[in-house]
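Structural features, examined
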Amino acid sequence: QVQLVESGGGSVQAGGSLRLSCAASGLTFSLYAVGWFRQAPGKEREFCATMNQSGGTTYSADSVKGRFIISRDNSKNTTYLQMNDLKPEDTAVYYCAARRGLPRQEPYYDYWGQGTQVTVSS
């Protein structure tokens, strides 16, 4: 019943930008904190950014701070990850997630999307 569907991934050159979207359905979206994580082959899932239910509190990983911006539009049941100044090290599958309660940097979320590939070439 619950679905999180990412979109907006693709291939870009270093220094470019992408905007990822995650559309949620089957849940009361405004009651869930949201997060974005990424995973490259052979590496553990890595935290990128998270936001609380109202959008008033955000946390970002040091590796993406100043470049990635998380946002949400509860009227559209959607969270976004604006990625600027992309670097080859950002290449990964990006996942959105939702959880009841506080936003967390650890991957302890109730629901996950299927992921979308982001590839950054040098």
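If you're wondering where the values come from, they're calculated on a predicted model, not measured in any experiment. (Residues numbered from 1 in each chain as written. Predicted model: local features only at pLDDT ≥ 70, side-chain atom pairs only at ≥ 80, totals over all residues. Heavy atoms only, no water.)

**Some details on unusual backbone geometry**
Rule in force here: Strands are runs of DSSP state E lasting at least two residues, helices are runs of H or I lasting at least four, and both sets are numbered from the N terminus onward.
One non-glycine residue with positive phi stands out, namely Asn 77, at about 55°. Residue placement: Asn 77 occurs in the loop between strand 7 (68-73) and strand 8 (78-83).

**Description of the packing of aromatic side chains**
Here is the rule: Any two of the Phe, Tyr and Trp rings considered here, Trp counted by its six-membered ring, make a pair once their centres fall within 6.5 Å; the pair's planes then place it as stacked at under 30 degrees, edge-to-face at over 60, or tilted in between. Only protein chains enter the accessibility calculation, which uses a 1.4 Å probe; a residue whose area is less than 20% of its type maximum is buried, one above 50% is exposed, and one in between is partly exposed. Only Lys NZ and Arg CZ are tested; either one counts as a charge over a ring when it is within 6 Å of the ring centre and within 35 degrees of the ring normal.
For the coordinates displayed, the defined rule picks out 6 aromatic pairs. On the basis of an interplanar angle of 55° and a centroid distance of 6.1 Å, the ring pair of Tyr 32 and Tyr 111 is categorised as tilted. Note that Tyr 32 is positioned in strand 4 (residues 32-39) and Tyr 111 in strand 10 (residues 111-112), a separation of 79 residues in sequence. Measuring from centroid to centroid gives 5.9 Å for Tyr 109 and Trp 112, while their planes differ by 65°, and the two rings are edge-to-face. Residue Tyr 109 is classed as buried on the basis of its relative accessible area of 8%. Taken together, the aromatic side chains of Phe 37, Phe 47, Tyr 109 and Trp 112 make up a single cluster linked through ring pairs. Directly above the aromatic system of Tyr 80 lies the positively charged group of Arg 19, at a separation of 4.3 Å from the ring centroid. We note Arg 72 situated over the ring of Phe 29; from NZ or CZ to the ring centre the distance is 4.4 Å.

**Some remarks on the side chain of Asp 90**
The following threshold applies: Polar contacts, as counted here, are pairs of nitrogen or oxygen atoms within 3.5 Å of one another; within protein the pair requires one atom able to donate a hydrogen and one able to accept it, and residues that are adjacent in sequence qualify only if both atoms are side-chain atoms. In what follows, a contact means two residues having at least one pair of non-hydrogen atoms within 4.5 Å.
Mapped onto the elements, Asp 90 comes out in the loop between strand 8 and strand 9 (92-100). Here Arg 38 takes part through its side chain, which lies 2.8 Å from a polar atom of the side chain of Asp 90. The residues contacting Asp 90, other than those within four sequence positions of it, are Arg 38, Arg 67, Phe 68, Asp 85, Val 118 and Val 120.

**Considerations on the pattern of salt bridges**
This is how the line gets drawn: Here, a salt bridge means any Lys or Arg side-chain nitrogen found within 4 Å of an Asp or Glu carboxyl oxygen.
Under the criterion given, the structure shown has 7 salt bridges. Between Arg 38 and Glu 46 there is a salt bridge whose closest N-O contact spans 2.9 Å. Arg 38 gets classed as buried once you look at its relative accessible area, which sits at 4%. A salt bridge links Asp 85 to Lys 87, with the shortest nitrogen-to-oxygen separation between them at 3.6 Å. For Lys 87, a relative accessible area of 30% corresponds to the partly exposed category. Connected through salt bridges with shared partners, the residues Arg 38, Glu 46, Arg 67 and Asp 90 form a single ionic network.

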